[in-house]
Amino acid sequence: MRWVKQTVGYWCDDIKKGKCMGKGVCIAVLDTGISGHPDLEGHTAGFMDFVGNSTRYNDDSGHGTHVAGILAGTGKMSKGLYAGMAPEAVLLVGKVLDREGNGNVENVMAGIRWILEQKDRYGVRIVNISVGTQPNLAVYQKYLFLDAVEELWDSGLVVVVSAGNYGPGTGTVAVPGTSRKVITVGVPDTELPPVQRRAKNINYSGRGPTGECVVKPDVFAPGTGIISCNGRYGRSGEHPYTMKTGTSMATPVVSGAVACLLSKYPDMTNVEVKLRLREACVKMPGTEAGWGMLNMERLLKV
């Protein structure tokens, strides 16, 4: 995560001093679950499986564990090198996707209802949804999904969702990233190091405008070649960390940044958080479709 932290201006004074690390903030995550990775030990406040009805936390895909590591991993297995954005935050995890990363709207809706029921018990402030609909999803299901996500926002939660990986054409933002209320995260064009380069630029992030002419994504963050917790760690031959790419990886970068912000300013509302994010973004090439690139130093500045 060091590259992410440098890119978004992570090394600001408050974080250098160990402040604003997400302490006291609970982030709800709807994804493929979470594993028992050492970097995430003690960070799962609660867990519910809406796919297989398991009573014990698990992640048969690895996607959710990777997202969780970006959010709140301690970096224990790397001496802090691959710590997450808010390593003192805690997570409330709902497994709504299967081992292939697929799911249905009903499971996601059940996860959303669960968060609404449990948010006061666990003190949830942020909801991270690195889940987007397939382009061929029925229209009525898209609206059900949108309404449910906006109910989370209307309840006072900061809802951060991915723009999806169906870009870069116009109108390719995945639902629920099309909502005008929630914070939608995209990935700018990224040039990979020569050893990883298959094409000069990785240009996959969903782009607006939406059908209602809303400019999306709102904010951009690193999402290409992100190293985080390996959900398969503990099995023979598996390393503690793995690399993944997508707007799913950029979304927890922003959610983690918001956790840092709320640990410094716990009384901020979700609307105030969104406005603060907008003011803190920096315009860079590849981010013209939204507010700009997330910048932590500007975000946490008094």
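Residues numbered from 1 in each chain as written. Predicted model: local features only at pLDDT ≥ 70, side-chain atom pairs only at ≥ 80, totals over all residues. Heavy atoms only, no water.

1. Comments concerning the packing of aromatic side chains
The test is simple: Whether two aromatic rings pair depends on their centres lying within 6.5 Å, for rings of Phe, Tyr and Trp, where Trp uses its six-membered ring; planes under 30 degrees apart make the pair stacked, over 60 edge-to-face, and the rest tilted. A run of H or I in DSSP becomes a helix once it reaches four residues, and a run of E becomes a strand once it reaches two; helices and strands are each numbered from the N terminus. Type-normalised accessible area, obtained with a 1.4 Å probe on protein chains alone, sets the label of each residue: buried when under 20%, exposed when over 50%, and partly exposed for intermediate values. Only lysine NZ and arginine CZ atoms are considered, and such an atom sits over a ring when it is within 6 Å of the ring centre and within 35 degrees of the ring normal.
Applying the stated criterion to the full structure yields three aromatic pairs. For the ring pair Phe 47 and Tyr 57, a centre distance of 6.5 Å and an interplane angle of 70 degrees mean the geometry is edge-to-face. Of this pair, Phe 47 sits in strand S2 (residues 44-49) while Tyr 57 sits in the loop between S2 and helix H3 (63-72), and the two are ten residues apart along the sequence. Residue classification places Tyr 57 among the partly exposed residues on the basis of a relative accessible area of 34%. Judged by centre distance (5.7 Å) and plane angle (65 degrees), the ring pair of Phe 50 and Trp 114 falls under edge-to-face. With Phe 50 in the loop between S2 and H3 and Trp 114 in helix H4 (residues 105-122), this pair connects stretches of sequence that are 64 residues apart. Like Phe 50, the residue Trp 114 is buried in the burial classification. Here Arg 56 stacks its cationic end above the ring of Tyr 57, 5.5 Å away from the centre of that ring. The ring of Trp 153 has Lys 274 sitting right over it, with the charged end atom 5.7 Å from the ring centre.

2. Overview of the pairing of strand S1 (residues 26-31)
Most of S1 sits out of view: six of its six residues are buried. Side chains Cys 26, Ala 28 and Leu 30 project from S1 onto one buried face, and the interleaved Ile 27, Val 29 and Asp 31 project onto a second face that is buried too.

3. Some words on the nonpolar core
Test applied: Think of a nonpolar core as a cluster: buried Ala, Val, Leu, Ile, Met, Phe, Trp, Tyr and Cys residues, connected wherever their side-chain atoms sit within 4.5 Å. Contacts are assigned to residue pairs with any non-hydrogen atoms lying within 4.5 Å of each other.
Core analysis: the biggest nonpolar cluster contains 77 residues, and Ile 27, Leu 91, Ile 126, Ile 129 and Val 254 have the highest contact counts within it. Here this core gets ten residues from one element, more than from any other, and that element is helix H6 (residues 247-264). The residues contacting Leu 91, other than those within four sequence positions of it, are Cys 26, Ile 27, Val 29, Ile 34, His 43, Thr 44, Ala 45, Gly 46, Ala 68, Leu 71 and Ala 72.

Keep in mind these numbers describe shape, not what the thing actually does.
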